[in-house]
Amino acid sequence: MATIELRQVEKKFGDVFAVKPLDLTIEDGEFVVLLGPSGCGKTTTLRMISGLEATTGGRILIDGKDVTWKHPSERDIAFVFQLFALYPHMSVRQNIEFTLEAQNVSSAERTQRVGDVAKLLEIEHLLNQRPGNLSGGDRQRVTLARALVRRPAAFLMDEPLGALDADFRHTMRAEIKRLHLAQHATTVYVTHDQIEAMAMSDRIVVMSAAEVQQVGTPHEVYHNPANLFVARFIGSPGMNLVAGKLVDGHLLLAGGHRYALPQPWQAHLAKLAGDDAILGFRPEAAKVSPDGALAAEVYANDLHGAYSVLHLSLDGENPETVVHVRADRFVHYPIGQPVRFDLNPALVRFFDPKTERALIAE
Ligand code: ATP
């Protein structure tokens, strides 16, 4: 397996950056997800690692070797596109084996390796069938087997589950994760689905507008977003962001609320007194309680099965002051009802509205 290093790697189409200079080291055996909205440069980054796209600057190293100008076939990397791309006229065994024939692997070793991956993916009983006779899940396993049998140094996957329905995505997500845990193959996986990224990755590279916004574990990007983009993009709904002014150990919010800064924020933010700041908190950091420090009124109420998400307005019917708060699904909260809530002091965050960056990077 392999480490992958990107050093100031960039891609320009004409004068426009598709990927601004990017530094990233993917450790041996790591599962890294490139996450971001459409057009942010994820696929271009992956294609540069694979060699399908030439860089316009920087260097790419695989296991310490500079492969920047090497052909894709010389990089020992398997690129998994859509997981359904199998040859219908070949048996499952032939579909898995043919890449090895192209690599001049001996017949005995081919049989051995196909047997090994078929066992790992539990598709031994399907080897003599045609892909057309298989269920979607089995076809997906065959495609993975075909990538695995080559024993590449790393796997690159571009939205491999993109075309699947929600249930099946869920199942295949678990399959890919199990496979990764069994093989510890270095994997770079592109998706725009933050739930997929959170569920599968060791680390997430959050990208927007051709630039890396943050690199961190799922826990880090969720709890300590580096900037407002990450705070909004990660989570469903994203982090609540409420603008205010720092005054006297408090944040003055819309609607005249005074939110007393918890320790250690009082000390951290003391020198910013008089400045604007944005309070950030996740829906589960808030707790509805009759004597809560913040007052609001119910703007809307979504039932999520196990819990409900209240939309609470801090300032009458002004939708710009609406925050999302998790609440007990068994309690009925009619629209317009006044409620109070508290914030878990360990889970509040602050951002600078000018730079959009978190006020303390942790
Ligand atoms: P998606 O999820 O939609 O695939 P992405 O994050 O993978 O998006 P890229 O496909 O890497 O984004 O594209 C990044 C930017 O580069 C986009 O603005 C895209 O229009 C541009 N781009 C990509 N390929 C080319 C090309 N061959 N010529 C010109 N511009 C391109």
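This structure is a prediction, so every number in the text was calculated from the model and none was measured.

Draft legend 1. Molecular detail of the sheet that holds strand 16 (residues 294–303). Pairing is antiparallel across the open sheet formed by 5 strands, whose spatial order is 15-19-16-17-18. Sheet topology places strand 15 (286–288) and strand 18 (322–327) at the edges, where each strand pairs with a single neighbour. With direction set aside, neighbouring strand axes in the sheet form an average angle of 50 degrees. Here strand 16 pairs with strand 17 (residues 308–313) via 6 bridges, running antiparallel. Across the sheet, V298 pairs through a bridge with L312, a residue of strand 17.

Draft legend 2. Spotlight on the pairing of strand 7 (residues 154–158). Of all 5 residues that make up strand 7, 5 are buried, and the element is covered over most of its length. Because side chains alternate across strand 7, one face comprises the buried residues A154, L156 and D158, and the other comprises F155 and M157, equally buried. Across 4 bridges, the pairing between strand 6 (residues 77–80) and strand 7 is parallel. Along strand 7, the bridge assignment pairs V80 with M157. Summarising the sheet, strand 7 and strand 8 (residues 186–191) pair through 5 bridges and their orientation is parallel. Across the sheet, residue A154 finds its bridge partner in strand 8, namely T186.

Draft legend 3. Fine view of the environment of K12. One can find K12 in strand 1 (residues 4–13). K12 gets classed as partly exposed once you look at its relative accessible area, which sits at 33%. Between the alpha carbons of K12 and A210 there is a distance of 9.9 Å; along the sequence they are 198 residues apart. Each residue touching K12, except ones within four places of it in the same chain, is listed here: F17, A18 and T56.

Draft legend 4. Just the nonpolar core, in detail. In terms of nonpolar packing, the biggest core is built from 42 residues, with I96, I123, F155, I176 and Y189 touching the most fellow members. The dominant element in this core, judged by the number of residues it contributes, is helix 4 (residues 136–148), at 5 residues.

Draft legend 5. Fine view of a negative patch on the surface. Taken together, the side chains of E27, D28, D63 and D76 present a region of like negative charge at the surface. Looking at the element boundaries, D28 is found in the loop between strand 2 (16–26) and strand 3 (31–35).

Draft legend 6. Layout of the site of the ligand. Every residue near the ligand is listed here: F13, A18, P37, S38, G39, C40, G41, K42, T43 and T44. Separating an oxygen atom of the ligand from a backbone N or O atom of G39 is a distance of 2.7 Å. Protein burial of the ligand: of its 640 Å² of free accessible surface, 53% is covered by the chains. No other element matches helix 1 (residues 42–50), which puts 3 residues into the shell around the ligand.

Draft legend 7. Geometry of the packing of aromatic side chains. This model, assessed by the stated rule, comprises 5 aromatic pairs. Consider the rings of F281 and F341, whose centres lie 6.3 Å apart with planes at 35 degrees: the pair is tilted. Of the two residues, F281 sits in strand 14 (residues 276–281) while F341 sits in strand 19 (residues 338–343), which places them 60 residues apart along the sequence. For the residue pair F281 and F341, the accessibility class agrees, reading buried in each case. A cation over an aromatic ring shows up here: K12 above the ring of F17, its NZ or CZ 4.8 Å from the ring centre. Directly above the ring of Y307 sits R326, whose terminal nitrogen or CZ lies 3.7 Å from the centroid.

Draft legend 8. Broad picture of unusual backbone geometry. Cis geometry marks the peptide bond from S236 to P237; its omega dihedral reads 0 degrees. For the peptide bond that leads from Q263 to P264, omega is 0 degrees, which places it in the cis range. Here P264 shows up in the loop between strand 13 (258–260) and helix 9 (265–269). Within the chain, Q8 stands out as a residue other than glycine whose phi angle is a positive 50 degrees. The class of Q8 is partly exposed, set by a relative accessible area of 42%. The backbone phi angle of E356 is positive, close to 65 degrees, even though this residue is not glycine. Its place among the elements puts E356 in the segment after strand 20 (349–351).

Draft legend 9. Layout of the pattern of salt bridges. For the structure on display, the rule yields 11 salt bridges. For D116, the salt bridge identified is with R151, shortest N-O distance 3.9 Å. A residue pair is termed long-range when its members are at least 10 positions apart, and D116 in helix 3 (residues 107–120) and R151 in the loop between helix 4 and strand 7 qualify at 35 residues. The residue D276 makes a salt bridge to K245 at a minimum N-O spacing of 3.4 Å. Taken as a pair, D276 in strand 14 and K245 in strand 11 (residues 240–247) lie far apart in primary sequence, 31 residues in all. Residues joined by salt bridges that share partners form a network here, namely K11, R47 and E53.

Draft legend 10. Molecular detail of the side chain of T55. In this structure, T55 sits in the loop between helix 1 and strand 4 (57–62). Aside from chain neighbours lying at most four places away, what touches T55 is V9, E10, M48, I60, T68 and W69.

About the thresholds
Residues numbered from 1 in each chain as written. Predicted model: local features only at pLDDT ≥ 70, side-chain atom pairs only at ≥ 80, totals over all residues. Heavy atoms only, no water. Pairing = 2+ DSSP bridges. Helix = DSSP H or I, 4+ residues; strand = E, 2+ residues; numbered from the N terminus. Axes fitted to C-alpha atoms, helices over the stretch in contact; angles between N-to-C directions. Buried < 20%, exposed > 50% of the residue type's maximum accessible area, 1.4 Å probe, protein only. Contact = heavy atoms within 4.5 Å. Core = buried A, V, L, I, M, F, W, Y, C linked by side-chain atoms within 4.5 Å. Patch = residues over 30% accessible without salt bridge, like charges linked within 9 Å, V, L, I, M, F, W, Y side chains within 5 Å. Areas by Shrake-Rupley, 256 points an atom, 1.4 Å probe, with all protein chains shown as cover. Salt bridge = Lys/Arg side-chain N within 4 Å of Asp/Glu carboxyl O. Lys, Arg positive; Asp, Glu negative; His and termini not counted. Charge placed at Lys NZ, Arg CZ, Asp CG, Glu CD. Near = heavy atom within 4 Å. Polar contact = N/O pair within 3.5 Å; in protein donor to acceptor, adjacent residues only side chain to side chain. Phe/Tyr/Trp six-rings, centres within 6.5 Å; stacked < 30°, edge-to-face > 60°. Lys NZ or Arg CZ within 6 Å of the ring centre and 35° of its normal.

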